[in-house]
Amino acid sequence: MTTTRREVLGWLAGLGAAAGLLPREAGASPRVTALRGATLIDSSGVRLNTTIVLADNRILAIGRDLPLPRGSTVLEGRFVIPGLWDMHVHGAFLDRITLPLCLVNGVTGIREMWGFPPIYELRGRIARGEVLGPELVVGSAIIDGPHSTLPGALVVSTPDEGRQAVRDAKAQGADFVKVYSYLDLPTLTAIADECTRQAITFAGHCSNHVPLGDASDLGQKTFEHMYGLSLATSTRETQLRQAIADLPLDPANSFAWFQQVLEFERQAALTHSRSKAVRLANRLRRNNSALCPTMVAMRVYSSPADRFANDPRMKYMPSFYRDLWRDQLKNWAPVTQQEIRQQAEFFRRRQDQVAEMHEHGVEVLAGTDAGNPYSFSGFSVHDELELLVEAGLSPKAVLKAATRDATVRPGDAANLVVLDGDPLDDIRNTRHVHTVLARGKVLGPAERRTMLADVEKAAQEPFPTVQRTCC
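Residues numbered from 1 in each chain as written. Predicted model: local features only at pLDDT ≥ 70, side-chain atom pairs only at ≥ 80, totals over all residues. Heavy atoms only, no water.

(A) Fine view of the overall build of the protein chain. Within the protein chain one finds 16 helices and 18 strands. Taking 2.2 N^0.38 as the reference for a compact globule, 471 residues should give roughly 23 Å; the C-alpha atoms of the protein chain span a radius of gyration of 23 Å, in line with that estimate. Dimensions of the protein chain along its principal axes, counting C-alpha atoms only, are 75 × 45 × 45 Å. By residue count, 55% of the 471 residues in the protein chain fall in the buried class. Long-range pairs, those at least 24 residues apart, make up 74% of the contacts in the protein chain between residues at least 6 apart in sequence. Accessible area of the protein chain: about 19,700 Å², with a carbon and sulfur share of 49%. Taken together, the 53 basic and 53 acidic charged side chains of the protein chain have centroids lying 4 Å from each other. (Helix = DSSP H or I, 4+ residues; strand = E, 2+ residues; numbered from the N terminus. Rg over C-alpha atoms; globule rule 2.2 N^0.38 Å. Buried < 20%, exposed > 50% of the residue type's maximum accessible area, 1.4 Å probe, protein only. Contact = heavy atoms within 4.5 Å. Areas by Shrake-Rupley, 256 points an atom, 1.4 Å probe, with all protein chains shown as cover. Lys, Arg positive; Asp, Glu negative; His and termini not counted. Charge placed at Lys NZ, Arg CZ, Asp CG, Glu CD.)

See the structure below:
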């Protein structure tokens, strides 16, 4: 049975008129795509033998044996999930590389963690349909305290300067404020208060000067890279925090201070307290604070510098990245056999701690730190999902983390990923993308191959300016 054109227009009017779904020109036929006989997996559960009907960029109907209009594009069978999100990305400004690599891999939304005016402009161009790309949520310039290790960070030295940085971020169009590792407690407190005044959230690193639970109480919404987690759950937290307070800092080499703090975090992981973890989880859950562990990036930083150098996905990265990433890892990567063993163990313990927080109800987000060494836009989301499962989360929980707990419903934007295998059976099946539906586009196998070829070509072209990435 097929529907008439009038019935299709009735669907459009009834389900999507408020969202602008009616044909752009009088008499124009809507572009209808149907996913028929699919297994739909979202936060509501698993729906078998489902038909999903879409037009332009909206879901029209979901059910079984739905009538379809003549001329519909029909995909049979397979598994369908909501579009994936990468909640920690750097590099949206490389729009010819980052954006298509995300879409090809089923990533239909990204949180850009270092904002500046051209990226705010790009966010608007994507929203208006002028550029094809994932939805962009963009942070502020990175706000850090004195002796920041990050070139280009906005350094604030006083609470008043912190407040002004928040006001400036809001005025410039940031979706949230990004905070960093060297902020002291008075300045972070002022930033938090000003964020409340300006009705904007803040997220980022757990400051080395502020315990993770205290930052959560201030209102920090996400904590990146597992920083601060080992200290906050250690029986030696008081001693180690005093050691941090007493640690001399050479302004000419502030990274050495940061490295020593990480060493204290490694030591803290050896004295983990389950009871402290439960109390911390209760605080984070009460404050609606989430963890974005970026295990992909942390695994790289915990490994020998050359472990990932021959990754075949390097062909999709700008040519300058190879040298940039090699230089970055000189300061991070373990060298001696003892360092390599210690860092591998530290990484495993941090994974355990994230799984423990999840078990106690803390939200975990899927983020990759793409743009940093061997963390690849789009591709590495699938690496992150595997590492989260390896840590102890279920495939179902990991899919919720990667899709922002989305439920597929009529009237929603049609951001969907069609997979060849069941991700609940094996999370690695998220890699087996057949088709991506985003921004009203149907990106099937041929379209995705073309996009990858275009990215590979663009990666060889010179880029006049480079925004150095960070973790």
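(B) Highlighting the packing of helix 2 (residues 95-104) against helix 16 (residues 445-459). As a packed pair, helix 2 and helix 16 sit with axes 9 Å apart at the nearest point and diverge in direction by 155°. Between helix 2 and helix 16, the angle falls in the class roughly antiparallel. Here the hand of the crossing between helix 2 and helix 16 comes out left-handed. Contacts between helix 2 and helix 16 involve Arg 96, Ile 97, Pro 100, Leu 101, Leu 103 and Val 104 from the first element and Arg 448, Met 451, Leu 452, Val 455, Ala 458 and Ala 459 from the second. Here the residues of the contact of helix 2 with helix 16 are counted per class, giving ten nonpolar, no polar and two charged. (Axes fitted to C-alpha atoms, helices over the stretch in contact; angles between N-to-C directions. Parallel < 35°, antiparallel > 145°, perpendicular 65-115°, else oblique. Left-handed = near helix turned anticlockwise from the far one by under 90°. Nonpolar A, V, L, I, M, F, W, Y, C, P; charged D, E, K, R; others polar.)

(C) A look at the environment of Lys 221. Inspection of the secondary structure assignment puts Lys 221 in the loop between helix 6 (212-218) and strand 14 (222-224). Put simply, Lys 221 and Gln 337 are 116 residues apart on the chain and 37 Å apart in space, counted from C-alpha to C-alpha. For Lys 221, the contacting residues outside a window of four places in its chain are Thr 201, Phe 202, Asn 287, Asn 288, Ser 289 and Ala 290.

(D) Summary view of the pattern of salt bridges. In total, this model carries 29 salt bridges according to the counting rule given. Ionic pairing is found between Glu 345 and Arg 349, a salt bridge with its closest N-O pair at 2.9 Å. Here the residue Glu 345 and the residue Arg 349 both occupy positions in helix 13 (residues 337-359), the gap between them amounting to four residues, near one helical turn. On the basis of relative accessible area, Arg 349 is assigned to the partly exposed category, the value being 28%. (Salt bridge = Lys/Arg side-chain N within 4 Å of Asp/Glu carboxyl O.)

(E) Main features of the nonpolar core. If you look at the biggest cluster of nonpolar residues, it comprises 112 residues, and the most contacted ones within it are Val 177, Met 317, Met 357 and Tyr 374. The element that contributes the greatest number of residues to this core is helix 9 (residues 254-269), accounting for seven residues. Sequence-distant contacts of Val 177, that is, excluding residues within four places in its chain, are made with Ser 140, Ile 143, Val 166, Ala 169, Ile 191, Cys 195, Ile 200, Thr 201, Phe 202 and Ala 203. Counting residues in each nonpolar core, the second largest holds 13 residues, with Ile 52, Ile 59, Val 80 and Val 418 among its members. (Core = buried A, V, L, I, M, F, W, Y, C linked by side-chain atoms within 4.5 Å.)

(F) Examining the UniProt feature "domain: Amidohydrolase-related" (unreviewed entry) in the protein chain more closely. In the numbering used here, UniProt assigns the feature "domain: Amidohydrolase-related" (unreviewed entry) to residues 80-442. End-to-end, the C-alpha atoms of residues 80-442 are 14 Å apart, and along that stretch the chain is 44% helix and 15% strand. (UniProt positions renumbered as here; feature names shortened; annotations may be inferred.)

(G) The arrangement of the pairing of strand 13 (residues 201-204) in detail. Relative to strand 13, strand 12 (residues 176-179) is paired through four bridges, and the arrangement is parallel. Across the sheet, the residue bridging to Val 179 is Gly 204, located in strand 13. Note that the unit made of strand 12, helix 5 (residues 185-198) and strand 13 has a crossover that is right-handed. (Pairing = 2+ DSSP bridges. Right-handed = clockwise from strand over helix to strand, strands pointing away.)

(H) Focus on the packing of aromatic side chains. As enumerated under the stated definition, the model contains 13 aromatic pairs in all. Measuring from centroid to centroid gives 6.2 Å for Phe 93 and Phe 116, while their planes differ by 50°, and the two rings are tilted. With Phe 93 in the loop between strand 8 (84-89) and helix 2 and Phe 116 in the loop between strand 9 (107-112) and helix 3 (117-127), the pair connects residues that are 23 residues apart, well separated along the chain. For Phe 93, a relative accessible area of 22% translates into the label partly exposed. Pairing Tyr 301 with Trp 332 gives two aromatic rings, centres 4.4 Å apart and planes at 35°, and the pair type is tilted. (Phe/Tyr/Trp six-rings, centres within 6.5 Å; stacked < 30°, edge-to-face > 60°.)

(I) The environment of Leu 452, seen in detail. When you line up the elements, Leu 452 lands in helix 16. Using a relative accessible area of 18% as the deciding quantity, one classes Leu 452 as buried. Separated by 286 residues in sequence, Leu 452 and Val 166 place their C-alpha atoms 38 Å apart. Filtering out sequence-adjacent residues up to four positions away, Leu 452 remains in contact with Leu 101, Val 104, Tyr 316 and Phe 379.

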